[in-house]
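A closer look at the structure
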Amino acid sequence: MSLLLHLILYLLLLTVVIGDILRPRFYSETCPDAESIVRREMKKAMIKEARSVASVMRFQFHDCFVNGCDASLLLDDTPNMIGEKLSLSNIDSLRSYEVVDDIKEALEKACPATVSCADIIIMASRDAVALTGGPDWEVTLGRKDSLTASQQDSDDVMPSPRANATYLIDLFKRFDLSVKDMVALSGSHSIGQGRCFSIMFRLYNQSGSGKPDPALEPDYKNKLNKLCPLGGDENVTGDLDATPLVFDNQYFKDLVSGRGFLNSDQTLYTTQETREYVKLFSEDQDEFFKAFEEGMVKMGDLQSGRDGEIRFNCRVANRRPIDVLLES
Ligand code: HEM
Ligand SMILES: *[C@@H]1O[C@H](CO)[C@@H](O)[C@H](O)[C@H]1NC(C)=O
Ligand SMILES: *[C@@H]1O[C@H](CO)[C@@H](O)[C@H](O)[C@H]1NC(C)=O
Ligand SMILES: *[C@@H]1O[C@H](CO)[C@@H](O)[C@H](O)[C@H]1NC(C)=O
């Protein structure tokens, strides 16, 4: 075989096995303003509704853990496909999809069919952190968008708010994310809100005991009891930390004083393997920021190796998986 053929075969293999090769400034030639457009749209969204940037940042986690960072979670259901929007962790919970739609629309105007929705999620998540007072970092780009999505795949992976630290350590390890990465990434809960629905069990029946989680600090528990009474509206939301609009290390200070909102948060302090990191981050914000950046970059590198495309609309695949089969 000729050298060229070898090279082509090798490159094909590389894209199939490893996925897309990601690098900084991927759009510097094809869409030089891509990153500034995303930042501008995120700023607009934040001015319109401060919480929305937190909601968008959460997309990175829910996207990357389910078959890699491929914008699968943005796909609307079709007659042949139940996607991720209705999965246990996402239904009535993920929000601000329209912010991504606005970003995509602005990008399509500037450079049609060039910037993937998967990359939009990565850029926008970084911007959410930078715009709320957290660190700013360079992201690698060049992801493709998935052709499909699966509710089941999301249900199989995404953790419940009831999860404990041991479970979360094991889960993150499956994605090559260390204990330190996991604790730092949980620090994303420095911004945003959660529903009463997510904490009813810890307020009234922790582990089926009929009692509240003993780790709850009493004043904070009373506050949550008022916000989330038994039989009340479980769609009511509460702040994930004491400064929900500022990305800082307040979240870790709150965990140290028993004021974590979710069980999955508080368990990071009550469990020995994670406690030292919570302490460290509560005392040293720079350490938290550094570890958080590292974790976000690692999580952003997750890929499925499946065939992909650049969608025109983040909610709709251009090609269906069946078309791909017919093409080959
Ligand atoms: C460690 C395991 C994690 C668990 C169990 C978890 C669970 C949750 C839950 C239950 C909520 C509230 C949802 C609701 O009540 O509707 C939430 C909110 C949020 N999560 Fe996580 N999460 C985890 C890790 C992460 C990671 C790694 C990120 C991002 C890097 C993230 C970003 C967020 C954000 C920003 C919010 C607030 C969203 C808003 O205000 O709309 N979470 N999470
Ligand atoms: C943590 O959760 C897992 C599974 O959800 C459970 O089997 C385990 O007993 C829990 N560990 C602790 C220390 O509560
Ligand atoms: C608490 O949970 C246990 C086990 O899931 C259940 O049997 C019990 O009925 C619950 N109690 C209340 C008050 O909901
Ligand atoms: C929360 O609101 C949604 C609609 O936004 C509704 O379908 C759901 O039943 C509500 N859930 C609870 C627990 O009240």
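How each quantity is defined
- Residues numbered from 1 in each chain as written.
- Chains lettered and ligands numbered in written order.
- Predicted model: local features only at pLDDT ≥ 70, side-chain atom pairs only at ≥ 80, totals over all residues.
- UniProt positions renumbered as here; feature names shortened; annotations may be inferred.
- Helix = DSSP H or I, 4+ residues; strand = E, 2+ residues; numbered from the N terminus.
- Expected span 1.5 Å × (residues − 1).
- Buried ≥ 20, exposed ≤ 12 C-beta atoms within 10 Å, placed from the backbone.
- Arc of directions from axis to C-beta.
- Contact = placed C-beta atoms within 7 Å.
- Axes fitted to C-alpha atoms, helices over the stretch in contact; angles between N-to-C directions.
- Parallel < 35°, antiparallel > 145°, perpendicular 65-115°, else oblique.
- Left-handed = near helix turned anticlockwise from the far one by under 90°.
- Nonpolar A, V, L, I, M, F, W, Y, C, P; charged D, E, K, R; others polar.
- Domains from an automatic or database assignment.

If you check an unreviewed UniProt entry, the chain appears there as Peroxidase from Cardamine amara subsp. amara. Taken from UniProt, the Function (unreviewed entry) comment for the chain reads in full: "Removal of H(2)O(2), oxidation of toxic reductants, biosynthesis and degradation of lignin, suberization, auxin catabolism, response to environmental stresses such as wounding, pathogen attack and oxidative stress. These functions might be dependent on each isozyme/isoform in each plant tissue." Taken directly from UniProt, the Catalytic activity (unreviewed entry) text for the chain runs: "2 a phenolic donor + H2O2 = 2 a phenolic radical donor + 2 H2O".

The first and last C-alpha atoms of helix H13 (residues 272–283) sit 17 Å apart over twelve residues, in line with the 16 Å expected at 1.5 Å per residue. Within H13 the residues assigned to the buried category are Thr274, Tyr277, Val278, Phe281 and Ser282. End-on, the buried residues of H13 take up no more than an arc of 135°, which puts them together on one face. The exposed set on the far side of H13, more than 90 degrees from its buried face, consists of Gln272 and Glu276. On its buried face, H13 is in contact with helix H7 (165–173), helix H8 (179–186), helix H11 (250–256), helix H12 (263–270) and helix H14 (285–300).

Moving on, we get to the packing of helix H4 (residues 97–110) against helix H5 (residues 117–131). Their axes nearest at 11 Å, the elements H4 and H5 cross at an angle of 115°. By the criterion of interaxial angle, the relationship of H4 to H5 is roughly perpendicular. Pair H4 / H5 crosses with right-handed handedness. Taking contact as the criterion, the partners of Val100, Ile103 and Lys104 in H4 are, on H5, Cys117, Ile120 and Ala124. Looking at the contact of H4 with H5 residue by residue, the classes come out as five nonpolar, no polar and one charged.

What follows is about the domain arrangement of the chain. For the chain, the assigned domains are domain 1 (22–158 + 300–327) and domain 2 (165–298). For domain 1 versus domain 2, the distance between C-alpha centres works out to 25 Å. Elements represented by at least two residues in the side of domain 1 that touches domain 2 include exactly helix H3 (52–64) and H5. Broken down by element, the residue count for the side of domain 1 that touches domain 2 peaks at four residues, all from H3. Its residues assigned to classes, the side of domain 1 that touches domain 2 comprises eight nonpolar, seven polar and four charged.

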